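Below are the chains, spelled out letter by letter.
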Amino acid sequence: MATAFVDSYDPRVWAARWQPAVAPVAAPLRQRLIAIAAAGAVLLVGAGTAWLTRSTEEEAVVAEASTAPQAAPTPSAREVRRVLVLSRASDLAESLTTAGLPADLVTKVVAAAMPALRSDGEIRAALTLIPDGEALVLDRLEASNSDSSGVVIRRLASGELEVSRVEAQISTRILVRRGTMDGDSFYSSAVAVGIPNSLIPVFAKALAFDFNFQTEVSAGDAFEAAYAQPVNASGEDAGVPRLLYASLTTAAKSATVYRVPAEGGAEDEWFDSSGRSIVRSLMRTPVDGARVSSKFGMRFHPVLHFAKLHGGIDFAAPTGTPIYAAGTGTIEFAGPKGANGNFVALHHDNGWRTLYLHMNRFGDGIASGVRVTQGQQIGEVGTTGRSTGPHLHYEVHIDGVKVDPLSVPTDASGKTLQGAALIAFEKIRDQIDVSRAGQGG
Ligand SMILES: [Zn+2]
């Protein structure tokens, strides 16, 4: 198709510069003629401008003749195409008027185009004009939004307009961002390497079973994110990014997680590289630096002096040592309660309950009905209630039954992918890893 592309952002400029285009198929011939003309200029110096003028005319004739057999489905060698970018759709009418279209046609074209154009964001408009006698008249207008959706309007021989809507052409690009923690926050560290704001909490949540971002992450620790970014046909962002991969390496440990899309509207799940769910139902030890001073099971009670089921584990630790929520859940009770002393009961999302007894005091904001996340401090070790010294008595109840907290697998509510699900996961994982390797991973 014989078109001439001249990109300009100001219609007043390109309206003045319009020139008929020369068919691309004619280019070799044209170059040859120019070469001959140049040679002629040297050899026939005396002939001067007359010869050159004649050769230019010949060139035009040859160019048009050579177009005919090539471009069977019509397009004229004189067709003119102009592309412009409008800062908003409402600028379309003015641009078409500046381009020289008659007012009544501008009105009709704009009315036909507007329903397909967004009111916010740039509009790319390509106008194609064809000769009609001496004048150039509208052949078609292609107008598109940033996601490549838009409209094509053709002027038919009858003068009627034919309007065709164009669907968005969105593809997805996988982007990889790597960085190290600054001395300030994970947020600022992530922003510094270009991780989109909306993905930062998603990243932290995906790794929250492995890391406490407040206490376990420090300056110099390395992180990496891979995410899917929808882009339009021009490669511009055209949609919400989605985190696919998160990795964090500290001096103490390293964790890597991959996202697997869930079916049927459920929340996506995250798995480690071997297909094991990252979800850990409960922390193994909900208190820092503690030693087990009394195990779960039958024992002779040190205060009551008879054999009784010890329905939990005692962790001995100095008064004031932080106690953490073993899993995410809702506080069922927080307050003093007889022999339990200062006591917190958590109800977890899977129906399990965890109990924390003999606290010195409660964490800030800890009260019945409050939602807490795994690893959040809910209180500190003490010796309130029926207690012989500072310790945490910790219980886990599953289906209303007290179980040995140490017998609960830390990934009990998670799962390991198997069979077809594992194969599907490995495909997703490998695609992400190929993108990571391709971007210096
Ligand atoms: Zn106990």
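This is a predicted model, so every value here is computed, not measured.

(A) Structural detail: the overall build of the protein. From N to C terminus, the protein includes eight helices and 22 strands. By residue count, 29% of the 441 residues in the protein fall in the buried class. Across the protein, the fraction of contacts at a sequence separation of at least 24, relative to all contacts at a separation of at least 6, is 61%.

(B) Spotlight on the nonpolar core. Ranked by internal contacts, the top residues of the largest apolar core, which has 29 residues, are Val287, Phe315, Ile323, Val344, Tyr356, Ile378 and Leu392. Of all elements in the fold, only β14 (313-316), β15 (322-324), β16 (329-336), β17 (342-348), β18 (353-362), β20 (377-381) and β21 (391-398) reach the threshold of two or more residues within this core. Sort the elements by how many residues they give to this core and β18 lands first, with five residues. Residues within four places of Val344 in sequence aside, it is in contact with Ile331, Phe333, Ala334, Tyr356, Met359, Phe362, Ile366, Ile378 and Gly379. Ala226, Val257, Trp270 and Ile278 belong to the second largest nonpolar core, which has 27 residues in total.

(C) Inspection of the confidence of the model for the protein at higher detail. Within the protein, residue pLDDT values average 79, and 78% of them lie at 70 or more. Helix α3 (residues 49-70) is the least confidently modelled element of the protein, averaging 31 in pLDDT, while β18 averages 97, the highest of any element. A low-confidence stretch, residues 1-73 stays under pLDDT 50, and its non-local contacts, those more than four residues away or across chains, total 73 contacts.

(D) Structural view of the sheet that holds strand β1 (residues 80-86). If you trace the five strands from one edge of the open sheet to the other, you get β1-β2-β3-β4-β5, paired in antiparallel fashion. Every interior strand has two partners, whereas the edge strands, β1 and β5 (161-166), have only one. Each adjacent strand pair in this sheet contributes to an overall mean axis angle of 20°, direction not counted. Sheet topology note: the strand β3 (residues 135-144)/strand β4 (residues 150-155) ladder contains five bridges and is antiparallel. Bridge pairing in β4 links Ser144 to Gly150.

(E) Representation of the pairing of β3 within the structure. Bridge count for strand β2 (residues 123-132) against β3 is nine bridges, and the pairing is antiparallel. Looking at β3, one finds that Ala126 is bridged to Glu142. Between β2 and β3, which pair antiparallel and follow one another directly, the connecting turn spans two residues, one of which, Gly133, has a positive phi of 65°. Counting the residues in the hairpin turn of β3 and β4 gives five residues, including Ser148, whose phi is positive at 80°.

(F) Broad picture of the environment of Gly329. In this structure, Gly329 sits in strand β16. Residue Gly329 is classed as buried on the basis of its C-beta count, with 22 C-beta atoms lying within 10 Å. Sequence-wise, Gly329 and Ala345 are 16 residues apart; in three dimensions their C-alpha atoms are separated by 9.9 Å. Sequence-distant contacts of Gly329, that is, excluding residues within four places in its chain, are made with Leu346, His347, His348, Asp349 and Val372.

(G) Quick look at helix α5 (residues 103-113). Turning to α5, its buried residues number three or more, namely Val106, Val109, Val110 and Ala113. The arc that holds every buried residue of α5, seen down its axis, measures 100°, which confines them to one face. Looking at α5, the residues exposed on the side facing more than 90 degrees away from the buried face are Asp104 and Ala111. In the core, the buried residues of α5 are packed alongside α4 (92-98), β3, β4 and β5.

(H) How the structure looks around unusual backbone geometry. Of note, His358 is a non-glycine position whose phi angle comes to about 65°, a positive value. By the element assignment, His358 lies in strand β18. We note that Asp399 has phi near 50°; this positive angle belongs to a residue other than glycine. Considering the arrangement of structural elements, one finds Asp399 in the loop between β21 and β22 (401-403). Asp399 gets classed as exposed once you count the C-beta atoms within 10 Å, which come to 8.

(I) Highlighting the pairing of β16. Direction of pairing for β16 relative to β17: antiparallel, over a ladder of seven bridges. Within the sheet, the bridge partner assigned to Thr330 lies in β17 and is His347. Hairpin connection between β16 and β17: a loop of five residues separates the two successive antiparallel strands, and Gly338 in this loop has a positive phi of roughly 50°. Pairing geometry for β16 and strand β19 (residues 371-372), over two bridges, is antiparallel. Looking at β19, one finds that Gly329 is bridged to Val372.

(J) Focus on the sheet that holds strand β6 (residues 171-180). Judged by pairing direction, the sheet is antiparallel, and its five strands sit side by side in the order β6-β7-β8-β9-β10 without closing on themselves. The open sheet is flanked by β6 and β10 (269-271), the only strands paired with a single partner. Each strand of the sheet is rotated relative to its neighbour by a mean of 20°, with strand direction disregarded. Alignment of strand β9 (residues 254-260) against β10, held across three bridges, turns out to be antiparallel. The residue bridging Tyr258 from the neighbouring strand is Phe271, located in β10. Sheet strands in contact with helix α8 (residues 419-438) are β6, β7 (222-231), β8 (242-249), β9 and β10, and its direction is about 115° off that of β9.

(K) Geometry of α8. Here α8 spans 29 Å end to end across 20 residues, near enough to the 28 Å set by a 1.5 Å rise per residue. Gly440 lies just past α8 and shows a positive phi near 80°.

Reading guide: rules and limits
- Residues numbered from 1 in each chain as written.
- Predicted model: local features only at pLDDT ≥ 70, side-chain atom pairs only at ≥ 80, totals over all residues.
- Helix = DSSP H or I, 4+ residues; strand = E, 2+ residues; numbered from the N terminus.
- Buried ≥ 20, exposed ≤ 12 C-beta atoms within 10 Å, placed from the backbone.
- Contact = placed C-beta atoms within 7 Å.
- Core = buried A, V, L, I, M, F, W, Y, C linked by C-beta atoms within 7 Å.
- pLDDT = per-residue confidence, 0-100.
- Pairing = 2+ DSSP bridges.
- Axes fitted to C-alpha atoms, helices over the stretch in contact; angles between N-to-C directions.
- Arc of directions from axis to C-beta.
- Expected span 1.5 Å × (residues − 1).

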